[in-house]
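One-letter residues, chain by chain:
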Amino acid sequence: DIQMTQSPSSLSASVGDRVTITCRASQDINNYLAWYQQKPGKVPKLLIYAASTLQSGVPSRFSGSGSGTDFTLTISSLQPEDVATYYCQKYNSAPRTFGQGTKVEVK
Amino acid sequence: QLQLQESGPGLVKPSETLSLTCTVSGDSITGSTYYWGWIRQPPGKGLEWIGSVYYSGSTYYNPSLKSRVTISVDMSKNQFSLKLTSVTAADTAVYYCAKRPSGPGPFDSWGQGLLVHVSS
């Protein structure tokens, strides 16, 4: 099975900072990669699919890039409401594995 | 607008079977463009994909759970269900039902989640 590895596992940044989270697949998954945001106590929310396509209603400060095995989620200017855990997920085939998550905090 | 709602017992005894139902409203579960899935999240931990089902009954399961999991559809009730046998404390989690496109696609609509404790 393909493994999904995120880094870092957590980070703390200031409001306005650029934040980057990476997700690595153990095998080529083309661009079948999604990013989810889960705020504390809330349901996961789809942010990005097809590695770089923003889901409707998601602020433009979020962006995704990558293909193959290496992917990136970027928040261009961190806002207080972005405090959350972010997960990547491969969806090219079963099992549709999630990364272990990256917890983002504001300093 | 499509909505998903999980239901079932919040407490299950060890070695018994966990049974949950997801009720779909706002669209038909027989829509040929969707797969229906279950994802779980142990307290304080990450997300784990359990499996998915198509309205025809076609299923995909996480290999780590495959021997204990059954996901099925009840078209007459517009519901799909999860059965997990021989549960242990490690199966304590919030269980989410969700929808994804029938081709390769992410889970774009989720239920609110249901916390299930496994304890005697």
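Parameters and conventions
Residues numbered from 1 in each chain as written. Chains lettered and ligands numbered in written order. Predicted model: local features only at pLDDT ≥ 70, side-chain atom pairs only at ≥ 80, totals over all residues. Heavy atoms only, no water. 1 Å grid on protein atoms, 1.4 Å probe; cavity = no way out; pocket = protein on both sides within 12 Å on 5 of 7 lines; lining within 4 Å. Points joined across faces, edges and corners; volume = space filled by probe spheres on them. Helix = DSSP H or I, 4+ residues; strand = E, 2+ residues; numbered from the N terminus. Buried < 20%, exposed > 50% of the residue type's maximum accessible area, 1.4 Å probe, protein only. Pairing = 2+ DSSP bridges. Axes fitted to C-alpha atoms, helices over the stretch in contact; angles between N-to-C directions. Phe/Tyr/Trp six-rings, centres within 6.5 Å; stacked < 30°, edge-to-face > 60°. Lys NZ or Arg CZ within 6 Å of the ring centre and 35° of its normal. Core = buried A, V, L, I, M, F, W, Y, C linked by side-chain atoms within 4.5 Å. Contact = heavy atoms within 4.5 Å. Disulfide = S-S within 2.5 Å.

**Details of the layout of surface pockets**
Residue and element names in this part refer to chain B.
Argument step 1. Within this model, the largest pocket holds a volume of roughly 380 Å³.
Argument step 2. What lines the largest pocket is a set of 19 residues, and nearest its centre among them are Gln1, Leu2, Asp108, Ser109 and Trp110.
Argument step 3. Counting residues per element, the lining of the largest pocket draws most heavily on strand β1 (residues 3-7), which supplies three residues.

**Quick word on the environment of isoleucine 29 of chain A**
All names here are of chain A.
Argument step 1. Among the secondary structure elements, isoleucine 29 is positioned in the loop between β3 (19-25) and β4 (33-38).
Argument step 2. Given the relative accessible area of 1%, isoleucine 29 is considered buried.
Argument step 3. Spatially, the C-alpha atoms of isoleucine 29 and lysine 42 are 28 Å apart, while their sequence positions differ by 13 residues.

**What to know about the sheet that holds strand β8 (residues 70-75) of chain A**
Residue and element names in this part refer to chain A.
Argument step 1. Strand order in the open sheet formed by four strands is β1-β3-β8-β7, with antiparallel pairing between adjacent strands. The sheet is open, and its two borders are formed by β1 (4-7) and β7 (62-67), each paired with just one other strand. Across the sheet, the mean angle separating the axes of adjacent strands is 15° when strand polarity is ignored.
Argument step 2. With four bridges joining them, β1 and β3 adopt antiparallel strand pairing. Looking across to β3, one finds that serine 7 is bridged to threonine 22.

**Remarks on the packing of aromatic side chains**
Argument step 1. Within this structure, the stated rule accounts for 12 aromatic pairs over all chains.
Argument step 2. Measuring from centroid to centroid gives 6.2 Å for phenylalanine 62 of chain A and tyrosine 86 of chain A, while their planes differ by 40°, and the two rings are tilted. One end of the pair, phenylalanine 62 of chain A, is in strand β7; the other, tyrosine 86 of chain A, is in strand β9 (residues 84-90), and 24 residues separate them in sequence.
Argument step 3. Assessed through its relative accessible area of 0%, tyrosine 86 of chain A is described here as buried.
Argument step 4. With a centroid separation of 5.7 Å and an interplanar angle of 40°, the aromatic rings of tryptophan 36 of chain B and phenylalanine 80 of chain B are classed as tilted. Placement of the pair is tryptophan 36 of chain B in strand β4 (residues 34-41) and phenylalanine 80 of chain B in strand β8 (residues 79-84), with a sequence separation of 44 residues.
Argument step 5. Its relative accessible area of 0% is what places phenylalanine 80 of chain B among the buried residues.
Argument step 6. In textbook terms, an aromatic cluster arises when at least three aromatic residues are bridged by ring pairs, as seen for Tyr36 and Phe98 of chain A together with Tyr96, Phe107 and Trp110 of chain B.
Argument step 7. Over the ring of tyrosine 35 of chain B we find arginine 100 of chain B; its NZ or CZ atom is 4.3 Å from the centre of that ring.

**Examining the nonpolar core**
Residues and elements named next belong to chain B.
Argument step 1. Counting 27 residues, the largest nonpolar core has Leu18, Trp36, Trp38, Phe80, Leu82 and Tyr95 as its most contacted members.
Argument step 2. Mapped onto this core, the elements with two or more residues apiece are β3 (18-25), β4, β5 (48-53), β7 (69-74), β8, β9 (93-101) and β11 (114-118).
Argument step 3. If one sorts the elements of this core by residue count, β3 sits on top with four residues.
Argument step 4. Those residues in contact with tryptophan 36, other than ones at most four positions away along the chain, are Leu2, Leu4, Val24, Ser28, Ile29, Gly51, Ser52, Val53, Phe80, Ala98 and Lys99.

**Topic: the state of the cysteines**
Cysteine pairs can be linked by a disulfide, which is a covalent bond between their two sulfur atoms.
Argument step 1. Summed over all chains, the structure comprises two disulfides over all chains.
Argument step 2. Disulfide partner of cysteine 23 of chain A: cysteine 88 of chain A, at an S-S distance of 2.1 Å. Across the S-S bond of cysteine 23 of chain A and cysteine 88 of chain A the torsion is about 70°, and the bridge reads as right-handed. Here cysteine 23 of chain A is found in strand β3, whereas its partner cysteine 88 of chain A is found in strand β9, with 65 residues between them in sequence.
Argument step 3. Disulfide partner of cysteine 22 of chain B: cysteine 97 of chain B, at an S-S distance of 2.1 Å. Residues cysteine 22 of chain B and cysteine 97 of chain B share a disulfide whose torsion about the S-S bond is about 60°; that sign makes it right-handed.

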